[in-house]
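# Tertiary structure, described
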Amino acid sequence: MPAPNSAGSGSNKRNSPYDLPAGDARVAGLGHADLEGSQTKRMRPEKPEVKLLPQRYELADPRDIVVLISSMLMELIRFNDKIPLNQGRLTRFHSRSPPRISVQDYLQRLTTHATLSPPILLSMVYYIDRLCTLYPAFTVSSLTIHRFLIASATVASKGLSDSFWTNKTYARVGGITMTELALLELEFLFRVEWRIVPEPEVLVDYYKSLAERCDGYAIERDTLDSSFPRDSSQSLSHLRRFAKHNQIPEHLHPLLLREGSSPAQTIFVLISPPLPDIDSLQNVLSPFAPPDLLAGNKLVFHTVRIPLQPPLTTVQAEAWSNTMWPVVFNPSAPRAMIAPPPHILSRTRDFIQPKAGRYLALAQRVAEEAEQSGLGRGVGAVVVDPDLEAQLDDEEGADIHWSDAVVAVAGDGRYSRTTLPEPGPNPMRQTYNPDYEGGPELHALMRVVELIASKRREDRPGSSSTGRPCLNYLETYFLSQSDVIRSDDDDSKDPSPVPEKYQKTETSSHAIYKQPEAAEDDTPTMARIRPRSQGGYLCTDLDVYLTHEPCICCCMGLLLSRFRAVIYPRNGRMVSGGLASEPVVKPVPVEEETSAAEIQEPTPDDTPHQREYYGLHWRKELNWRALGFEFVEEVEKSAEGDAFHA
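Residues numbered from 1 in each chain as written. Predicted model: local features only at pLDDT ≥ 70, side-chain atom pairs only at ≥ 80, totals over all residues. Heavy atoms only, no water.

## Comments concerning the pairing of strand 10 (residues 543-546)
Side chains D543 and Y545 of strand 10 all project onto a buried face; the interleaved residues V544 and L546 project onto the opposite face, where all are buried too. In this sheet, strand 10 lies alongside strand 8 (residues 380-384) in antiparallel orientation, the contact comprising 4 bridges. Residue V382 lies in a different strand from strand 10, and its bridge partner there is Y545. Where strand 10 and strand 11 (residues 565-569) come together, 3 bridges link them in parallel fashion. The partner of Y545 across the bridge, within strand 11, is I567. Crossover strand 10 to strand 11 through helix 17 (residues 552-560) is right-handed. (Buried < 20%, exposed > 50% of the residue type's maximum accessible area, 1.4 Å probe, protein only. Helix = DSSP H or I, 4+ residues; strand = E, 2+ residues; numbered from the N terminus. Pairing = 2+ DSSP bridges. Right-handed = clockwise from strand over helix to strand, strands pointing away.)

Written out as structure tokens, the structure is:
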């Protein structure tokens, strides 16, 4: 069965590849030389305000690393200690009471007496992120930090160092028994899935991040950064600053490797945006290049494409390294601002995959009914409650009663305010005329949101269903499954968390003037849409399936309604859509005799209209995000018809 392809949320504690926007950068090939900094010694001021740390974390003083890590740990502890302790969330790392020794003194004791090097100390920070990700019950607090430090120090020393102490020494230094240390070590290894060796680039990221967040410390800037400061608003730490010939993509070899040059002795330097002028780069980099490498006393610069965002998976990192520029995948890097956490994304995708085709087929049926009625275009929306779907999966006959998880459906109704010329499809659908298209409140997505909102308000005193818009048969049937019985003398207060002045009132502005009679035996046994008195609020944690990519206005309405996920077919992409993040990229076939220089990069599908890619379902500047999925069919059909706002 075809699976939905992801196009694109957590905890109170702090703790085929997808394409992302790419930019341009310049690459220069230099001879092997130390580009990390100048050999000239600097005069240290008598009382420096900021202590400069070396570029390489291996050369840093372990005592400085201890200060950086302790500062970060205390920030986490102050935050997490405010969270009430749940007895059901105790772990083996919890103590009965906080030890009297401070975190910095304890970590310094371990560093001094157990000879912890900077790589081991930074690996302990890496273990915090990995343990919190794989073991949600663990939290860095005053009750867990000391046992975590001794356990992680023991594991890191054994895994990263050629020589290490015995458990007896680590236990004596940490102030615990050998038996307790052995239990902590085994529990730690089990929780991190026995993966304890981080990539060197990951430790570099942690080293830089710790120095940036700790007052009084800064890392010495290299020659390039001193001359051309990086854009602080765009982190490019996932890109390799220096690369060898065996690391760059093959299609760049003819461009970067000159005849007569020695690839093994050449280092390629990436100058990331903002790009300086060529003459300035020549003046800065020429002293580092051997004389025999310079062509006409000048370095040669080339422009290459780079990914501006870090990769989300190892597969994505490998693909970008083979097609653009070498990148590094950091599994512990915070990525919630640019994409959902991978485990949440994969878990949701696996949940919606089995029945996604059925719900999209129902949405298509709703769209056909809306088009045949002449009241709108062929656009449909189906809203599903994942909780109801999970209950059905636990019962027998889930494949038969899959539609019981549908809470509401709605078709497009943009022509409902005009006079219908004759029964059947509206002839205005063949063209696009803004004067007859109606407002976005008549689009399928906004109509289904209004149906759910009006249903939730039915149990309020003074409200009624008489002002609800007229509906067609499918809309009436699924909405009737959530009919509730309300007593007219109910004078209870409105339990809604939204103040009265911010609540929408009943309206018939979304009217569709067609109302077939509902069947008499469509009496529901349980309401599918919970009223506000039972905690129902907006469209929180619901999934919506659409036949077309919604317009920008409907996308914002989707976010404000707090849907959990939105799913639409890939062939339903619209020029005016606001969910897609990047064009659909298809590989370009290459003949065997084609040279490497003639190989073209994958190009987006050719479309008759140019469009913008907003990716509104997951934008860091918005205060709500929804998981976005595209349903990819085995045989893709091209979108037909005029461009319009769905």
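## As for the pattern of salt bridges
A full pass over the atoms with the stated rule returns 13 salt bridges. A salt bridge links R240 to E201, with the nearest nitrogen and oxygen atoms 2.9 Å apart. With R240 in the loop between helix 8 (223-227) and strand 5 (242-243) and E201 in helix 7 (residues 200-213), this pair connects stretches of sequence that are 39 residues apart. The exposure class assigned to R240 is partly exposed, which follows from its relative accessible area of 25%. (Salt bridge = Lys/Arg side-chain N within 4 Å of Asp/Glu carboxyl O.)

## Points about the packing of helix 2 (residues 103-113) against helix 4 (residues 145-160)
Remark: helix 2 packs on helix 4, axes separated minimally by 11 Å, with the N-to-C direction vectors making an angle of 20°. What the angle tells us is that helix 2 and helix 4 run roughly parallel. Regarding helix 2 and helix 4, the two cross each other, and that crossing is right-handed. Contacts between helix 2 and helix 4 involve V103, Y106, L107 and L110 on the former and, on the latter, I145, H146, L149, I150 and A153. Split by residue class, the contact of helix 2 with helix 4 holds 8 nonpolar, 1 polar and no charged. (Axes fitted to C-alpha atoms, helices over the stretch in contact; angles between N-to-C directions. Parallel < 35°, antiparallel > 145°, perpendicular 65-115°, else oblique. Left-handed = near helix turned anticlockwise from the far one by under 90°. Contact = heavy atoms within 4.5 Å. Nonpolar A, V, L, I, M, F, W, Y, C, P; charged D, E, K, R; others polar.)

## Thoughts on the environment of W624
Examined against the element boundaries, W624 turns out to sit in the loop between strand 13 (603-604) and strand 14 (627-631). Along the primary structure W624 and M556 are separated by 68 residues, whereas in three dimensions their C-alpha atoms are 9.7 Å apart. Among all residues touching W624, those that are not within four sequence positions of it are L559, R562 and F563.

## Quick notes on the confidence of the model for the protein chain
Overall, the predicted model of the protein chain reaches an average pLDDT of 75, with 70% of residues at or above 70. At the low end of the mean pLDDT range in the protein chain sits strand 1 (residues 4-6), at 46; at the high end sits strand 10, at 94. Here residues 461-468 is a poorly scored stretch, pLDDT under 50, and it has 16 contacts once near neighbours within four places are set aside; other chains count. Counted against residues more than four places away or in other chains, residues 587-602, with its pLDDT under 50, gives 15 contacts. (pLDDT = per-residue confidence, 0-100.)

## Brief notes about the packing of aromatic side chains
Going through the model one piece at a time under the given rule, you end up with 10 aromatic pairs. Summarising the aromatic geometry, the rings of Y126 and Y206 are spaced 6.4 Å apart at their centres and angled 70° between planes, so their arrangement reads as edge-to-face. You can see Y126 sitting in helix 3 (residues 118-134) and its partner Y206 sitting in helix 7, a full 80 residues away along the chain. The same class applies to Y126 and to Y206, which are both buried. When the centroid spacing of 5.5 Å and the interplanar angle of 40° are considered together, the rings of F138 and F148 count as tilted. With F138 in the loop between helix 3 and helix 4 and F148 in helix 4, the pair connects residues that are 10 residues apart, well separated along the chain. (Phe/Tyr/Trp six-rings, centres within 6.5 Å; stacked < 30°, edge-to-face > 60°.)

## Examining the packing of helix 1 (residues 62-80) against helix 3
Packed helices, taken two at a time, are described by their axes: the angle between them and the distance between them. Where helix 1 meets helix 3, the closest approach of the two axes is 9 Å, and the angle between their N-to-C directions is 15°. As far as their axial angle goes, helix 3 and helix 1 are roughly parallel. Every pair of crossing elements has a handedness; the one defined by helix 1 and helix 3 is left-handed. Here P62, I65, V66, I69, M72 and L73 of helix 1 come into contact with helix 3, specifically with P118, L121, L122, V125 and I128. Taken together, the residues of the contact of helix 1 with helix 3 sort by class into 11 nonpolar, no polar and no charged.

## Digging into a nonpolar patch on the surface
Taken together, L186, F190 and W194 make up a surface patch of nonpolar side chains, about 380 Å² in accessible area. For F190, the position within the fold is in helix 6 (residues 178-191). (Patch = residues over 30% accessible without salt bridge, like charges linked within 9 Å, V, L, I, M, F, W, Y side chains within 5 Å. Areas by Shrake-Rupley, 256 points an atom, 1.4 Å probe, with all protein chains shown as cover.)

## Details of the nonpolar core
Within the largest apolar cluster, 59 residues are counted, with the highest numbers of intra-cluster contacts made by L73, F148 and L149. Where this core is concerned, the elements lending two or more residues are helix 1, helix 2, helix 3, helix 4, helix 5 (167-174), helix 6, helix 7 and strand 4 (217-219). The element that contributes the greatest number of residues to this core is helix 3, accounting for 10 residues. Setting aside anything within four residues of it in sequence, one finds F148 in contact with F93, M124, Y127, I128, L131, F138 and F188. One finds L362, V379, A444 and I452 within the second-largest nonpolar core, a separate group that totals 57 residues. (Core = buried A, V, L, I, M, F, W, Y, C linked by side-chain atoms within 4.5 Å.)

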